[in-house]
Amino acid sequence: NQCLNSSSCLPSILAFMAAQSSLAQLPQIPPITDPKFIEDCVKIHNELRAIVNPTAGNMKYMTWDASLAKTARAWSKKCVFKHNVHIGKRHACHPLFKTVGENLWMGILTKYVVRNATTDWFNEVKYFEMSDNTCSRVCGHYTQVVWASTYKVGCALKMCPNLGKHVVMFVCNYSPDCKPFIILNGLMAPSPTRPPHHTLRCNHSLVIPKRLVFLCCLLFLISYQITITALTSERYH
């Protein structure tokens, strides 16, 4: 009570109230199933893909992929600003696509994170020279955003206090990935041979178990045999 009645405590009280107000104004981290978050991610990617220059003749329309979003979420939870170590491994990050691409962004949380991050990736276009497929600086994020054959994207956002105050990681995964070329020391070079299938997974829930594949094949063969037997029986009767 003495402190509250003392003018010497007023600066501390005001600072505390300002901090609380600042926290209250921060936007919420959306889940990967949030319709608005999904819409924002897909919309900005397609907007930027539509303005590539020169215009692409075979640019595919990008849509959301829940499995890619789960992979992005799993990696973002680590709050480590480096690429997922499993993305180059066949079928390690998606049940259908062999490999996936990935873009990372780190910055302060605002309601414009999705647009700002994706635009930052796209702005690497100034380092890309299309005539000879070279990069004067890092431009792999740009090439992944605008890669014509990529048509699936899944993203996740995660608050990472260990990286700084109000700092978030924004992760997007893509399929098919932008990997006929890789960026090496500023140059785009042919991609090396893919590493062999590995037992490690980005997200175990995304991978189709081998037993399930075997069971499906077995059921198909049994069904096929029953059908052939029935047709043969009808023919002779």
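The rules behind each value
- Residues numbered from 1 in each chain as written.
- Predicted model: local features only at pLDDT ≥ 70, side-chain atom pairs only at ≥ 80, totals over all residues.
- Heavy atoms only, no water.
- Pairing = 2+ DSSP bridges.
- Helix = DSSP H or I, 4+ residues; strand = E, 2+ residues; numbered from the N terminus.
- Disulfide = S-S within 2.5 Å.
- Buried < 20%, exposed > 50% of the residue type's maximum accessible area, 1.4 Å probe, protein only.
- Core = buried A, V, L, I, M, F, W, Y, C linked by side-chain atoms within 4.5 Å.
- Arc of directions from axis to C-beta.
- Contact = heavy atoms within 4.5 Å.

As annotated in an unreviewed UniProt entry, the protein chain is SCP domain-containing protein from Vombatus ursinus.

If you walk across this open sheet you meet the four strands as S1-S5-S6-S2, and the pairing is mixed. Strands at the two margins of the open sheet, each flanked by one partner only, are strand S1 (63–64) and strand S2 (101–108). As paired strands, S2 and strand S6 (residues 167–175) are joined by eight bridges and run antiparallel to one another. Each residue of the ladder has a partner; that of Met 106, found in S6, is Met 169.

With that out of the way, let us pick up the state of the cysteines. Summed over the entire model, instances satisfying the criterion amount to three disulfides. The side chain of Cys 155 participates in a disulfide bridge whose partner is Cys 172; the two sulfur atoms lie 2.0 Å from each other. Taking the sign of the torsion about the S-S bond as the criterion, the disulfide between Cys 155 and Cys 172, at about 105°, is right-handed. Of this pair, Cys 155 sits in strand S5 (residues 152–159) while Cys 172 is found in strand S6, placing the two residues 17 residues apart along the sequence. Each of the two residues, Cys 155 as well as Cys 172, counts as buried. Here Cys 41 is not disulfide-linked; the sulfur of Cys 155 is the nearest cysteine sulfur, at 4.0 Å. Judged by relative accessible area, which is 0%, Cys 41 ranks as buried.

As a further point, take the environment of Lys 165. Assignment of secondary structure puts Lys 165 in the loop between S5 and S6. Exposure remark for Lys 165: the relative accessible area of 67% places this residue in the exposed category. Residues Lys 165 and Leu 109, spaced 56 residues apart in sequence, show a C-alpha to C-alpha distance of 9.3 Å.

Phe 37, Cys 155 and Phe 170 are the most contacted members of the largest nonpolar core, which has 39 residues in total. For this core, the secondary-structure elements that each account for two or more residues are helix H2 (35–49), helix H3 (66–76), S2, helix H4 (113–122), helix H5 (140–146), S5 and S6. Sort the elements by how many residues they give to this core and S6 lands first, with six residues. Counting five residues, the second largest nonpolar core, distinct from the first, contains Leu 68, Ile 87, Cys 93 and Val 100.

All of the buried residues along H4 are Val 113, Val 114, Ala 117, Thr 118, Trp 121 and Phe 122. Along the long axis of H4, the arc covered by the buried residues comes to 160°, so they all point the same way. Next to the buried residues of H4 lie H2, S2, H5, S5 and S6.

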